[in-house]
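# Survey of secondary and tertiary structure
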Amino acid sequence: GTGRARVGSARAPIRRGGGKAHGPTRRDFATSFNRRQRKMALRVVLSQKLREGRLTVVPSLDVEPRTRIVAAALRKRDMASALFVDDVIEEGLRRAVANAPRVDALPQIGANVYDILRRDHLVLSESAAFSLAGRLV
């Protein structure tokens, strides 16, 4: 040979027009649980809320879209934070809890362990309670 170094790729980071040395890579850090584990975790957290007396079942969650009304009802029942779960979240309930601190509303199908544990009290409508029970059997 000539005694000179081999050139390598024209796209090497050191060459003009070459690539970035340690460029970004797409990585997925998502964790997932098996379906049975998710169901069991939801069962455990619901039974825990029931044991602690922090689960309330109401006939209906139809409320006037006023944050003041929801806040007064929660204060009356001494609830610092609450999660409302109904089969379908009506516009009135969504608007009533939208501006209330530490109060959320979820449809029954979106009920999850994290959101239930985040709030002190869980308020279920009767229809949501039946749907959840059917989902967890």
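### Some points on the overall build of the chain
- On a plain count of helices and strands, the chain comes out with five helices and four strands.
- From first element to last, N terminus to C terminus, the chain shows the α and β order α-β-α-β-α-β-α-β-α.
- Whereas a compact globule of 137 residues would reach a radius of gyration of roughly 14 Å, the chain reaches 26 Å, over 25% beyond that.
- Its C-alpha atoms give the chain principal-axis dimensions of roughly 90 × 35 × 25 Å.
- Relative to its full complement of 137 residues, the chain shows a buried share of 26%.
- Summarising the internal contacts of the chain: among those between residues at least 6 apart in sequence, 62% fall at separations of at least 24.
- Surface exposure of the chain reaches about 10,400 Å², of which carbon and sulfur atoms provide 52%.
- The averaged location of the 13 negative side-chain charges in the chain is 17 Å from the averaged location of its 27 positive side-chain charges.

### Quick word on the environment of Lys 49
- Note that Lys 49 resides in helix H1 (residues 35–51).
- A C-alpha to C-alpha distance of 8.8 Å links Lys 49 and Leu 117, two positions 68 residues apart in sequence.
- The contacts of Lys 49, once residues within four sequence positions are left out, are Arg 54, Leu 55, Ile 116, Arg 119, Asp 120 and His 121.

### A look at the pairing of strand E4 (residues 121–125)
- Among the five residues in E4, five count as buried, and that is most of the element.
- Of the two faces of E4, the one lined by His 121, Val 123 and Ser 125 and the one lined by Leu 122 and Leu 124 are each fully buried.
- Relative to E4, strand E1 (residues 55–58) runs parallel, the two sharing four bridges. Each bridged residue has a counterpart across the sheet, and for Thr 56 the counterpart in E4 is Val 123.
- Relative to E4, strand E2 (residues 82–86) runs parallel, the two being bridged by four bridges. What sits directly across from Phe 84, in E4, is Val 123.

### With respect to the pattern of salt bridges
- Going through the model one piece at a time under the given rule, you end up with five salt bridges.
- When the shortest N-O distance is used, the salt bridge between Arg 94 and Glu 91 registers 2.6 Å. In this pair, Arg 94 and Glu 91 both sit in helix H3 (residues 91–98), three residues apart, roughly one turn of the helix.
- Exposure remark for Arg 94: the relative accessible area of 42% places this residue in the partly exposed category.
- In this structure Glu 91 comes out as partly exposed when scored by relative accessible area, which is 42%.
- Look at the salt bridges and you will find they share partners, linking Asp 104, Asp 115, Arg 118 and Arg 119 into a network.

### Regarding the side chain of Ser 125
- Considering the arrangement of structural elements, one finds Ser 125 in strand E4.
- Residue Ser 125 is classed as buried on the basis of its relative accessible area, which comes to 1%.
- At a separation of 2.6 Å, a polar atom in the side chain of Ser 125 contacts the side chain of Asp 86.

Rules used in this analysis
- Residues numbered from 1 in each chain as written.
- Predicted model: local features only at pLDDT ≥ 70, side-chain atom pairs only at ≥ 80, totals over all residues.
- Heavy atoms only, no water.
- Helix = DSSP H or I, 4+ residues; strand = E, 2+ residues; numbered from the N terminus.
- Rg over C-alpha atoms; globule rule 2.2 N^0.38 Å.
- Buried < 20%, exposed > 50% of the residue type's maximum accessible area, 1.4 Å probe, protein only.
- Contact = heavy atoms within 4.5 Å.
- Areas by Shrake-Rupley, 256 points an atom, 1.4 Å probe, with all protein chains shown as cover.
- Lys, Arg positive; Asp, Glu negative; His and termini not counted.
- Charge placed at Lys NZ, Arg CZ, Asp CG, Glu CD.
- Pairing = 2+ DSSP bridges.
- Salt bridge = Lys/Arg side-chain N within 4 Å of Asp/Glu carboxyl O.
- Polar contact = N/O pair within 3.5 Å; in protein donor to acceptor, adjacent residues only side chain to side chain.

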